[in-house]
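# Coordinate analysis (summary)
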Amino acid sequence: MLVDEVEVSFAGGHGGTGRSSFYPKLKAGPDGGNGGKGGNLYIVTTADLTALNKFSAHKDWQADDGQPGGRNRKTGKDGVDLIIQLPVGSILTDIKTNQIFELLEPNQKILLCQGGLGGRGNYEFRSSRNTTPTQFEPGLPGQQRHLQVTLKLIADFGLIGLPSAGKSSLLNELTATHVKTASYPFTTLEPNLGSLDGKIIADIPGLIAGASLGKGLGFKFLKHIEKVGMLLHCLAVDSTQPVRDYQIIRAELQEYNPSLLNKPELVILTKTDLVGKSELKILQDKIRKLNKKSLAVSIYDLESILKLRKYLVNFHGKD
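Just so it is clear, the model here is predicted, and its values are computed rather than measured. (Residues numbered from 1 in each chain as written. Predicted model: local features only at pLDDT ≥ 70, side-chain atom pairs only at ≥ 80, totals over all residues. Heavy atoms only, no water.)

## Thoughts on the side chain of Glu 265
Note the threshold: Secondary structure elements are defined from DSSP: runs of H or I of at least 4 residues count as helices, runs of E of at least 2 residues count as strands, and each element is numbered from the N terminus. Here a polar contact is taken to be a pair of N or O atoms separated by no more than 3.5 Å, where protein atoms must pair a possible hydrogen donor with a possible acceptor and residues adjacent in sequence count only if both atoms sit in side chains.
With respect to the helices and strands, Glu 265 occurs in strand S13 (residues 265-270). A distance of 2.9 Å separates polar atoms of two side chains, one belonging to Glu 265 and the other to Tyr 246. Polar contacts involving the side chain of Glu 265 include one to the side chain of Arg 250, which spans 3.1 Å.

## Quick notes on the pairing of strand S12 (residues 228-236)
To be explicit about the condition: Relative accessibility under 20% of the residue-type maximum defines a buried residue, over 50% an exposed one, and the middle range a partly exposed one, all with a 1.4 Å probe and only protein chains included. Paired strands, as defined in this entry, are two strands with at least two bridges between them according to DSSP.
In terms of burial, S12 is largely enclosed, as 8 of its 9 residues are buried. The sheet contact formed by strand S9 (residues 155-160) and S12 spans 5 bridges and is parallel. Each bridged residue has a counterpart across the sheet, and for Leu 159 the counterpart in S12 is Leu 232. In terms of strand pairing, S12 meets S13 through 6 bridges, oriented parallel.

## Brief notes about helix H1 (residues 167-174)
Quick reminder: α-helices carry 3.6 residues per turn. Residues three or four places apart thus point the same way. Here is the rule: Regarding the arc, it is the one traced by the directions from the helix axis to the C-beta atoms. The contact definition used throughout considers only heavy atoms, calling two residues in contact when any of these lie within 4.5 Å.
By the burial criterion, the buried members of H1 are Lys 167, Ser 168, Leu 170, Leu 171 and Leu 174. Buried residues along H1 cover an arc of 160° about the axis, so they all sit on one side. As for H1, its buried residues are in contact with S9, strand S10 (192-196), strand S11 (199-203), S12, S13 and helix H4 (302-313).

## A short note on the sheet that holds strand S7 (residues 109-113)
Neighbouring strands of a sheet are bound in pairs by backbone hydrogen bonds; such pairs are parallel or else antiparallel. Put simply, the rule reads: The axes are straight lines fitted to the C-alpha atoms, using for helices just the contacting stretch, and the angles between their N-to-C directions are given from 0 to 180°.
Ordered by their spatial adjacency, 3 strands build an open sheet running S4-S2-S7, and the pairing between neighbours is mixed. At either end of the open sheet lies a strand with only one pairing partner, and these are strand S4 (82-87) and S7. Here the average twist between neighbouring strands, direction ignored, is 35°. Where strand S2 (residues 41-46) meets S7, 4 bridges bridge the pair, whose relative direction is antiparallel. Looking at S7, one finds that Ile 43 is bridged to Ile 110.

## Remarks on the nonpolar core
One recurring pattern in soluble globular proteins is that nonpolar side chains are buried together. Put simply, the rule is: To define a nonpolar core, start from buried Ala, Val, Leu, Ile, Met, Phe, Trp, Tyr and Cys residues and group those joined through side-chain atoms within 4.5 Å.
Ranked by internal contacts, the top residues of the largest apolar core, which has 35 residues, are Phe 10, Ile 43, Phe 55, Leu 92 and Leu 112. Elements that contribute at least two residues to this core include exactly strand S1 (5-11), S2, S4, S7, strand S8 (144-151), S9, S12 and helix H2 (242-256). Residue contacts for Leu 112: discarding those within four places in its chain leaves Phe 10, Leu 41, Tyr 42, Ile 43, Leu 92, Phe 101, Gln 143, Arg 145 and Leu 147. Ala 165, Leu 174, Leu 196 and Ile 305 belong to the second-largest nonpolar core, a separate cluster that totals 20 residues.

Have a look at this one:
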């Protein structure tokens, strides 16, 4: 199961405590060393969409603490930095401050929580008036953040449509993925990704009327459409009312986020092997009246798949 929304706590390491100690009698004076700095906590992006799954059981993450100061003015060892991998497309919201971090680039790295400074040992407190100080400082805590992490898929194309519109089957044909398919609704319970000549295609689980209000698989997956470059709207031609199917999905996009309607869109008429040429032409004419470009495909018609592949490979961001 793909985890795409979690609450998690991150923290830098605690600074090490300073030491209070003195040289042996033959060499008088304080010799307590400073504590080491706590490790920093960094975030780096990964293409692995399952990277959030590790937070299901482990909610608190902290870099190593700095080590205490030692005798003979020896500074404690700094804590080891902690590097956390999060998927590209993750949006981090600091629940306390509302500060937002967007992870939009591959191999992106950010310093999220700084480690705490180490405390001073008693050697640092010596003076002409106080030659035998005993005071020392505890280390400082590392920076802490309690975050809401939300994954929004970043893809060039997003396959959308009602359940059983043929999205997963199409993804399998266009890319090297092997997504489970079947003739019953909601076969796809989580987004799937595939690559077509370096362009990423996301298969968004089927939506139904009321999805923006939580019906069916709910709006859980609508957020993934926000970061998609172009919508590939799949309509099964064997539906009794394919135009109505199209309008249902568009209404849900409008309800969730009206800006989604402005994305470039290609209507893909799927399962064309199930209808005759005259029926298909009637449907294509109806789609044309909506001022939408369409392509008719069947996973059993290699020519139609190759035509679609060519269109997607040559698409450069304009409708």
